[in-house]
Each structure stands twice: as C-alpha cells, then as structure tokens.
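Working through the structure, step by step
Now for the letters of each chain:
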Amino acid sequence: MTRPVLVAVVVVTSLLHAQQPFRTGADAVVVDVSVREGDTAVRGLTADDFVLTDNGVRQRIDSVEAGTVPVDVTVVVDLSGQPGGTWSTPPRRAAVVSELRDEVADVLKILRREDRIRLLAVDTSVQQIFPMTSVTEVPPIERVEFDGMSSLYDTLAAALLQPVEPSRRHVVLARTKGVDTLSVVNAGAVASVAQQSDALFHVVLMESAGDTADAVKMFQCQFIGLCLPTRRFWVPQHRRLVTGRPAHDLTPDGQMLARAADETGGALHKTKVLFEPTLTGTFKKAFEDFRSSYVLRYTLQDVAAPGWHRIEVRVPKSKKYVVRSRRGYLVEPATSSAATPTPLPATLERLEDFVTAYDRRAFRDVVVGLRGAKSPIDLIDDFEKGGNPWPANPKIEAAFALELAEAGLFSTNASTREAARKLLDRTTRLIRHPLEPDTFERYWYFAVLTTMEGAMQGRETVRVAKQAMDRYPDEPRFVLSRAIASDQAHASRPPSRSTERETGLPDALDVETAYEAALKVPDVAPEARIRYAYFLHRTNRPTAALQHLAAVEGQHLNDVDLRYLRQLFLGHVLLHLRRVDEATAAYKEAQAIVPGSQSSAVGIMNTLIMKGDREGAEAIAEAIQGEATRPLDPWWSYWQGQYRFHPQAMARMRELSR
Amino acid sequence: MRRLLLACLVAGIAAGGHSTIARSTSVQTLLDDYHAGRFARAVDQLSQTADFDDILQQLRRDGPRWIDAEGAAGRAKRELTAATFALEAARAGEWQEWKWIQRQPRMEEYQPPNLLYWRAPPLLIEWGCELFRRDATPRPIERWWQLGALAVAYRSEDPQFLVGDTNRGEGVFGGEIGNEKSEIKHLDHVRPRFPEEMRFVLAEGIARDRDLPDDAATAYEALERDPAVGGEAVMRLGALLRRRNPAAAHDLLERVDTMTRDPYVVYLARFFRGQLLQQQGRVKDAEAAYRGAVAAVPHAQSATLALAALLAGDGRRAEAQRLVQQMLAVSPPPRDPWRGFVHADDRFWPQIVARLRAEILR
C-alpha cells in the first residue's frame, strides 16, 4: 500500500519575492516534509534526524518546525461537455453553478482561515472563476461557461504555472473526466511544467463520467440509429488519460501525468475497487499530510545557484519511515531589473528612434525629424522590412506609415516618392476592415489624399481618389479630391509634346467632368466651383468662369482661404475681360479678407499697369519686395488642394489609432 | 424495437421537462419586443429556452401574420425583424441540437442509407432566408443578414448546412446521407444573390476544410489576391497544409503578415507558424512566432499558453508564470482565435447583429 508522504519545496529569497532570482549566499530554502510509518505520521523529529542533499551536496539544516505553513489551493473542475457525443440534453446553468458552489463549499470546510483558494474550470477556454482569494472572502459563483470542448491540459498547465509566495505552499487539485479535445499544450508539457512546479499536484479522475457517455452513445447508436453527433461537430483532437471500461488503464498521457504528479509529491487518483475518488476526499487526505509535516530550512552552501536543484531528504534513524521528497526546484538566472525608458536623441534619425517617439506620442518631434530626414527612403525601407512595430494596434502602424510616407512624397528623389507611394498602397490594403469600409479607413483615405494633393502627385492622387470613391461613394471630399488631382495632373502635362491622351494624364474634358461631379455635391460645391472657375479662366473661357464665381457670391463661406481665392480669381477673370475697375475692386476685397496678402497686391499692381500707372505699380512691387514678413497667402497653397486640412486629418488619425 | 424506442424518444422530447418559451410567452410577444428595440429582453428569453421546435412552429404559423400586421408600409422592416429574431433564436439553440443523421435498421442484406433530419436552429435560419429570397433583388440590409446567417452557421461547426453532405462517397458508416432533397445548402441560395461578396466565396472553402481539403485548397488559392479576404484565405490554406506540406504551409503563413492586419487572421497565422516551428525543433523561432501572436491579440490563451509552456521548458519559469498570471487576470478574456478557428465569421457577430438591430430601429 502506498503510504502518503508529502514534501514541498519553497525557495525563499532574501527579499521574499516569488519571482526574484535566487541569490547565492543569501538564499534560504524551505522544504516541507511529511514522514510516515504506515498510516501514522512520525512526530518529534529534529534537525539532526534529517539528511538533506541539494545537488548531491549535504546541507546544514538551520531549523525544523511543525508544518503550519499556510496553503494556497487551486481547484480545477472539469465543466467540459461531450464533443462528438450524440443526442443529449445539455446541462442547465443553474444546476452546474449550484454543483460547483457545493464543491467549493466542501473544500472550504477543510481549509483554515490563513489559507487561500483559487477556482479554475476546464471548458473550451481556461476559466478563472475566481482568483486566489482568502477563504473568508470567496466570491459567489455566478457565471461559468460549460458543456463546451475540453482544454484540460491547458488548464492544468495554467494552474501549475502560478507563482507561489515563498511562505506558502501551493496545492493543485484537479477533478477531470480525463479527456482533452482542444488544448495547445500536450501531456508531456504539463508533466514538464509539473516537475518544475512548486505545487503539489493531485489529479482526480472521474472515470464513470466517461463510461456513462460511452454507454449512452452506444445505446443511441444501436437502438435509435444516432451514431453521429447531433451538435458541436468540431473535435480537433481526442486525447484521454484513461482507456474505456472495463480496464480503465492509464494511456501514455495518463502515465505521464501520473508520474509528474507523483514527482511533486501528489498523485493521480483512480477508482479503487468500486470507489471513485472525490475531489474533497482527496484533498482532505492531502491536507492531513500538511498538518503533520515538517518544515525544514537551510541556507544553500557549496552549490551553484542558477539551474535545477535536485533534493533528497532521508531520515536514517528508521528504515520503516517513508520519506519521499520533491525531487528538486528551479532557480532562474538573475535578470536585469526593468529598464528605465531611454531619453530620445535630440535629433531623430534612426527608424527605431522615430518609432519610440511615436509610441510616446511625441508627434511634433517625429514630424520635425522626418521633414529633416536625410534619407526618407532608408526609413521607409527599414519600416517595410521590420514589420509592424505595434502588432496589437495596426492603426498606429498606419498612422506612422502616413507620417513616413509624407516625408517621402515631398522628396525631390523620384525613387523615394515611388517608395512612399508603395508604402501607402500597401498600408491601404492592410487597414481594410474585413467586413465593410469603416471610419478609420475613411479618415485614412482623407489623410492620404490631402498628403498627395499637397505633394502635387496629380496622376497618382486621381488613382487613389477613385479607390476612395469606390469604398466611400458618399464622401464629398473624395469627389473634390479627384477633381483637384485631375486639375493638378492636367496642369503638369508636358507642353505640346504629345497629345493629352498619350501622356496618360487627364485631358481638359476629364478635369471638367470631375469638377462637374463635385459641383453636384453640396458640401464641396463652393470650393469646386471656385477651382473650376480658375480652370476655365486658365483654359481661356472667362465668361463661363465668371458665371461660376458669380454663383458662389452671396454664399456664406467659413473657409477664409476660399473667400480669398474667390475674390482673387474674380479679379483675374475681370482683368482678362479688361474690366479693370471691377478687377481692382475684387482684388481689394481679397486684401480685406487676408490683409497684406501678396497675390492680391500683385493683382492690383497688374490693374495699375493696365491703366498705365507704372509708378503706382512699381510702388506696390517695391513694397512687396521690401516687406520682411507677410501673412500666409492662400494662393501660395492653392495648388496643394486640400493639404490645408492635413494637420487636422493627421490629428484625427492619431486620435483614432489610440 | 428500434421504432418503439424512437417513438418513445420523440414523445419524450415533445413532452420534455424543460421550461419552454411557449409556457412563458409567445413568439409574437417576443417579436414585438424585438421590433420595439427591446433586444436584450427577447434574447434573454431565448437563452432560457429549451424548445426551439416550438419557436420554429410558432414562427411558421404566426410569423406571416405578424409581418403583415402593418400592411405594405411596414412589411419590409417587420420582415427584417422576424428574420433577425429567427437568427438570434438559431444562435441561442444551435449548441443544443442542430441535426440528426439517423442510421436505418438493416433489412436482411440491404443497409438503407442514413436519413438527415434538420433540427430547429438550421430551419430557423432557412425560414429567415426564405423571407429575403422572395425579393428578386436583394436589399442592402440582406447582405448583413446573410453575413449573420453565415456567422451562426460557422458557429454550429456543421459544414453540411452550408454546402451539403461533405461525407458523400463515404458510405452509410461514414455518415453519408440518402435523402439529398432535405439538404439546405445555404451557400447555394446566398452566392447568386451576392456574387461580389467574397466572404461567401471564402465560406465555400471553410465549409470544405475538414472533409474535402483539396476542394478547400482550390477555393483558398482562388482568393489569394482578393483584398478583402485574401489574407484569411492564405492563412487557412497554410493551416490546411500544415501536415501535408509543412514547408509550403510555413511560407504561406509567413506571407499573411504582408496581406492583412485583421488580428484574428494575423494571430492564427503566427500561432500556426509557431506550432510548425516547434515541431521542427526550431524553438527560438517558435518562441518569436508565439510572441508575435500574443502581440496581435494580447492574453489570448492558446498562444500565451503555448509560449508559457515553451518558456517553462526552457527554464524561464518566472516569465512563463507572469504570462499565465496576466492571462488569467484579464476579465473578460479576449476571444481566442484558435478556439474560434472553425467559427470563422462568428467573430463579427456583435458587429453584424448591431447593424441589423440598428436597421430595425431606424
């Protein structure tokens, strides 16, 4: 008959912290040992009675105490269903919860006030019903998942991979049907974890549960023809700890777990004769061992600390004593303490610096750094090769890619611009929501289009704008973007070398069509009309241009730039029509909107020249040249389209990515 | 003898001791609740239900009258309500009972083919689908309903509902059925209505993944370049090839990172790659792959535990413990992509049902 013997080992570091490294010379090791003669605990032993070796080196035992170490119990219950089973009535939630409450209550009766308990449940997932809790504060059990697949091995591994406070013992007590259908770790891994665990590991097998299921299945197949599952048809694997009845032999998995449990000082409990073990019965027995055990303390001597420590404990005074000890414990090599964040360099240059700065939300530093970057193409290249620096949040990656692409798009180097465009194309594919265009993608496109318009990438912008319109046909800004980009591309065509169609650039008709489409969208119609008017003016159709500018008159425009440009272009068209006084009035109106603006001053200068007032014109020219600072003139950024919205678009992207 | 047992069983089910919805309230009342936006109340009632046959019966009997109650003006919206309610009911009941494939008694030398009987949940989906199919041209909201139906069907884990008998040719003992007319083949109804929706094309592959891997592989390969589902198709193709061609599987799974940022897909690709590498003994690479998966869906159990076990095996117990401790502390735990691998689009269910409900309230 196997005599229950219990040994547990606890490593106590000088700082008494479970996850701190073992330190040679300052570390005490605590081992709790149960010594029995037959069914009786042997009492009254002293330090001189024990012989303890650590990695083969005999250690001096500093003290021996009666076993009063508080206990942490992790109870693991199996709530999984019968995947692959045939017709059955699923258990009712209330019944499952009630049964669980009773089971916990039974365990609690055995525990003392200083002990603690954690409850884990096996089902499709590893469930922590409640974390390690004082026995006086156990929360009520309300919600549990049950009747699913079995993640038995995963749950056991999770139970065994719990840190243990040095001053406490950890017992893992698992009740299971012995079937695993879904775990990612295997029995070997659980055994390996158990062997290196500080916990005492008991597995209680409920063989009858499996027998009943098998019997029902056989009956249903034989007598009502239901041989196949009626629900839950996915059983990725079917691993068992015991074979079916009547033998109920341990499978290789079961043998592995049994050996591992044995090495921790626990056991795998199977039915003996007709009596199936119970969770509380097993725990009661294990707990009695705790109450009658010894706690040995020694200071490690003459043994290198890191690595696996094999322990042997003997009591030589009687051969009848059974002393089985846990075979060892693991001391991890020291690791450096958490590093303090390194300060960012004054000038960001390397990709990792930009990434770190972005992660810390130092957006301004990133923008400034990228604008001054010597080789944006190298940064883009590094970024492409390195993968997503924010794997849990691809939206940050997208926002950062856009910052990086902006630096590339404004480059004078064609290869860099091409690399930036490719980066944007790739990211556009990646941020696509699997089901539908979402808010983030909408803002993404807007930010991309404002950047590309700003970089005057007309032809490419037309392509992206069309993509954006496919995804968001109702977005006014994308319709306008296509028109602006067509205009940009048309303006950039090589003069009179080949026909417009041959260059692959939009012709005048394409631009008109795009603007006409934008005119039909009320949100962007005023801007489209002003831009269209200027296009018509440039293509020598002043009357039509005037009509469009007149159509905007009287409309309230919040955008100062648009108000200004309307007046400026009105001046240009009127001047073209030689309506000089009206043109002067329009330019003056523009100056009133943006005082000191240069383009309107030049307009006035032109009207004076047309009137023959060369002196007046020269005076304005001198004034323009003489002024050190001038306000931002909307005309200067006219060709950059909606780039004026870029800062807001980027701010929104950064906000949405958090 | 068998017929007697079957009769007893059927009678037993009919008179079942469960609390049925019929006893507490009628489906019409639940439809009224659902239509008025009291969604949680209706769904709560469904979750306490054991008799989904009764719900189906009531819907078939009273549903048309309820839909027509407001005349032509309210018909479209009430139809959507009824169909969405049917979908919710199917989802609530699908893990109770989905279908029977019954082996028939042998007649001397002849073994009759198995018979398929759909239980209530798939029939509830089909009932809702029929409502939509009356319109020759699908309404935009039907796309969302059909995506919802697909999500519920995936969660049932039964490919037969989507594409028919995947055991064809396997014989009676392999589960092949004889009453083909009872097949629903849901995708056959949906694909022609939404020829542009690649998720329904992807479903053709996913439904064949377990039983007809060659057909599934063909479907996945055809979708590799699709911007919407290409990443997932490549991930599933990689997963499918893990045993047959680990090298090709590894390459495919590695490619996924360049194709999508869908965390579910990225996670699974990295997780499967970790498993492949671990099997090949490339422990460091496996560790990196698992870390990547955990980074994609923090605290997801499968990769966290695989990584923790690997670290513990390598003597790095403290980090392993920390990972597991943090994993268990997260409440509610994140949806684990591996545990929902065959449930596929069920991950979109919250978004889909929110969309359908919003349309009902609109």
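Scroll up for the structure.
The rules behind the values
Residues numbered from 1 in each chain as written. Chains lettered and ligands numbered in written order. Predicted model: local features only at pLDDT ≥ 70, side-chain atom pairs only at ≥ 80, totals over all residues. Heavy atoms only, no water. Helix = DSSP H or I, 4+ residues; strand = E, 2+ residues; numbered from the N terminus. Rg over C-alpha atoms; globule rule 2.2 N^0.38 Å. Buried < 20%, exposed > 50% of the residue type's maximum accessible area, 1.4 Å probe, protein only. Phe/Tyr/Trp six-rings, centres within 6.5 Å; stacked < 30°, edge-to-face > 60°. Axes fitted to C-alpha atoms, helices over the stretch in contact; angles between N-to-C directions. Contact = heavy atoms within 4.5 Å. Nonpolar A, V, L, I, M, F, W, Y, C, P; charged D, E, K, R; others polar. 1 Å grid on protein atoms, 1.4 Å probe; cavity = no way out; pocket = protein on both sides within 12 Å on 5 of 7 lines; lining within 4 Å. Points joined across faces, edges and corners; volume = space filled by probe spheres on them. Pairing = 2+ DSSP bridges. Buried area = accessible area lost by both parts, 1.4 Å probe. Salt bridge = Lys/Arg side-chain N within 4 Å of Asp/Glu carboxyl O. Polar contact = N/O pair within 3.5 Å; in protein donor to acceptor, adjacent residues only side chain to side chain. Parallel < 35°, antiparallel > 145°, perpendicular 65-115°, else oblique. Left-handed = near helix turned anticlockwise from the far one by under 90°. Core = buried A, V, L, I, M, F, W, Y, C linked by side-chain atoms within 4.5 Å. Arc of directions from axis to C-beta.

**Description of the overall build of chain A**
- Helix and strand counts for chain A come out as 23 helices and 18 strands.
- Scaling as 2.2 N^0.38, a compact globule of 658 residues should have a C-alpha radius of gyration of about 26 Å, whereas chain A reaches 40 Å, well beyond that.
- Taken along the three principal axes of its C-alpha coordinates, chain A extends 125 × 70 × 45 Å.
- A burial count over chain A gives 54% of its 658 residues as buried.

**Focus: the packing of aromatic side chains**
Residues and elements named next belong to chain B.
- One pass over the full model with this rule turns up 35 aromatic pairs over all chains.
- A ring pair is formed by Trp118 and Phe161, whose centres lie 6.0 Å apart and whose planes are at 85 degrees; its orientation type is edge-to-face. You can see Trp118 sitting in strand E2 (residues 115-118) and its partner Phe161 sitting in helix H9 (residues 160-163), a full 43 residues away along the chain. We note that Trp118, like Phe161, is buried.
- Ring geometry for Phe194 against Phe200: centres 5.9 Å apart, planes inclined by 55 degrees, an arrangement best described as tilted.
- A relative accessible area of 11% means that Phe194 is categorised as buried.

**Overview of the packing of helix H3 (residues 27-35) of chain B against helix H4 (residues 39-47) of chain B**
Residue and element names in this part refer to chain B.
- Where H3 meets H4, the closest approach of the two axes is 7 Å, and the angle between their N-to-C directions is 145 degrees. Note on element contacts: H4 touches H3 through Phe39, Arg41, Ala42, Val43 and Gln45, opposite Leu30, Asp33 and Tyr34.
- Of the residues that constitute the contact of H3 with H4, the class distribution is 5 nonpolar, 1 polar and 2 charged.

**Details of empty space enclosed by the protein**
- For the structure on display, the rule yields 8 cavities of 30 Å³ or more.
- Approximately 100 Å³ is the volume attributed to the largest cavity.
- Surrounding the largest cavity, 15 residues form its lining, Pro434 of chain A together with Pro227, Ala228, Thr260 and Asp262 of chain B being those nearest its centre.
- For the lining of the largest cavity, the residue count by class is 6 nonpolar, 3 polar and 6 charged.
- Around the second largest cavity, the lining residues are Asn388, Pro391 and Pro394 of chain A together with Arg261, Pro263, Val266, Arg270 and Ala296 of chain B.
- Element by element, the count of residues in the lining of the second largest cavity is highest for helix H15 (residues 263-279) of chain B, at 3 residues.
- The residue makeup of the lining of the second largest cavity, split by class, is 5 nonpolar, 1 polar and 2 charged.

**Remarks on the sheet that holds strand E10 (residues 126-134) of chain A**
All names here are of chain A.
- What the 6 strands build is an open sheet, ordered E10-E9-E8-E11-E13-E15; its pairing is mixed. Here the strands that pair on one side only, and so sit at the sheet edges, are E10 and strand E15 (267-269). Mean inter-strand twist for the sheet, computed between neighbouring axes without regard to direction, equals 15 degrees.
- In this structure, strand E8 (residues 71-78) lies alongside strand E9 (residues 116-122), joined through 7 bridges in parallel fashion. Across the sheet, Val77 pairs through a bridge with Ala121, a residue of E9.
- Running over the sheet, helix H1 (residues 93-110) touches E8, E9, E10 and strand E11 (169-176) and is turned about 150 degrees from E9.

**Remarks on the interface of chain B and chain A**
- Contact with chain B, which involves 66 residues of that partner, is made by 56 residues of chain A.
- The largest contributions to the chain B side of the interface with chain A come from Arg261, Arg317 and Arg339 of chain B, which together make up 15% of the buried area.
- The tally of links from chain B across to chain A stands at 3 salt bridges.
- Between Arg339 of chain B and Asp154 of chain A there is a salt bridge, with its nearest N and O atoms 3.1 Å apart.
- Inspection of the chain B/chain A interface yields 24 residue pairs in polar contact (both at pLDDT 80 or more).
- Looking at which element gives the most residues to the side of chain B that touches chain A, the answer is helix H18 (residues 317-329) of chain B, with 10 residues.
- Taken together, the residues of the side of chain B that touches chain A break down into 32 nonpolar, 14 polar and 20 charged.

**Points about the environment of Glu142 of chain B**
Residues and elements named next belong to chain B.
- For Glu142, the location among the structural elements is in helix H8 (residues 140-156).
- Take Glu142: its relative accessible area is 1%, and that puts it in the buried class.
- Between the C-alpha atoms of Glu142 and Arg193, which are 51 residues apart in sequence, the distance is 9.5 Å.
- Contacts of Glu142, omitting those with residues within four sequence positions, involve Phe132, Arg193 and Phe194.

**Re the side chain of Thr74 of chain A**
All names here are of chain A.
- Mapped onto the elements, Thr74 comes out in strand E8.
- A polar contact is formed between the side chain of Thr74 and the side chain of Arg118, at a distance of 2.6 Å.
- Residues in contact with Thr74, not counting those within four places in the same chain, are Arg118, Leu120, Met132, Ala159, His170, Val171, Val172 and Leu173.

**Observations regarding the side chain of Asp72 of chain A**
Residue and element names in this part refer to chain A.
- With respect to the helices, strands and loops of the structure, Asp72 is situated in strand E8.
- Of the polar contacts made by the side chain of Asp72, one reaches the side chain of Arg116; its length is 2.9 Å.
- In contact with Asp72, other than residues within four places in its own chain, are Arg116, Met132, Arg168, Arg169, His170 and Val171.

**Quick look at the packing of helix H9 (residues 376-386) of chain A against helix H10 (residues 394-409) of chain A**
Residue and element names in this part refer to chain A.
- For the pair H9 and H10, the least separation of the axes is 9 Å and the interaxial angle reads 155 degrees. Accordingly, the angle class assigned to the pair H9 and H10 is roughly antiparallel. In terms of crossing hand, the pair formed by H9 and H10 is left-handed. Side by side, H9 and H10 meet where Pro376, Leu379, Ile380 and Phe383 of the first sit next to Glu397, Phe400, Ala401, Leu404, Ala407 and Gly408 of the second.
- When the residues that make up the contact of H9 with H10 are grouped by side-chain class, the tally is 8 nonpolar, 1 polar and 1 charged.

**Brief notes about the pairing of strand E16 (residues 294-299) of chain A**
All names here are of chain A.
- Note that strand E2 (residues 28-33) and E16 share 6 bridges and pair antiparallel. Paired with Val29 across the strands is Tyr298, a residue of E16.
- Note that strand E7 (residues 61-66) and E16 share 5 bridges and pair antiparallel. Residue Ser63 lies in a different strand from E16, and its bridge partner there is Arg297.

**Here's the deal with the nonpolar core**
- With 154 residues, the main nonpolar core has Met235, Phe271 and Phe341 of chain B as its most contacted residues.
- Sequence-distant contacts of Phe271 of chain B, that is, excluding residues within four places in its chain, are made with Val184 of chain A together with Tyr290, Ala293, Ser302, Ala303, Ala306 and Trp338 of chain B.
- Grouped together as the second largest cluster of nonpolar side chains are 91 residues, Phe478, Leu519, Tyr532 and Tyr587 of chain A included.

**Looking at helix H8 (residues 363-371) of chain A**
Residues and elements named next belong to chain A.
- Those residues of H8 that fall on the buried side of the exposure criterion are Phe363, Val366, Val367, Gly369 and Leu370. Relative to the axis of H8, the buried residues are bounded by an arc of 165 degrees and lie together on one face. Along H8, exposed side chains directed more than 90 degrees from the buried face belong to Arg364 and Arg371.
- Looking at the packing, one finds that the buried side of H8 touches helix H7 (351-359), H9, H10 and helix H23 (646-656).

None of the figures reported here should be taken as evidence of function without further support.
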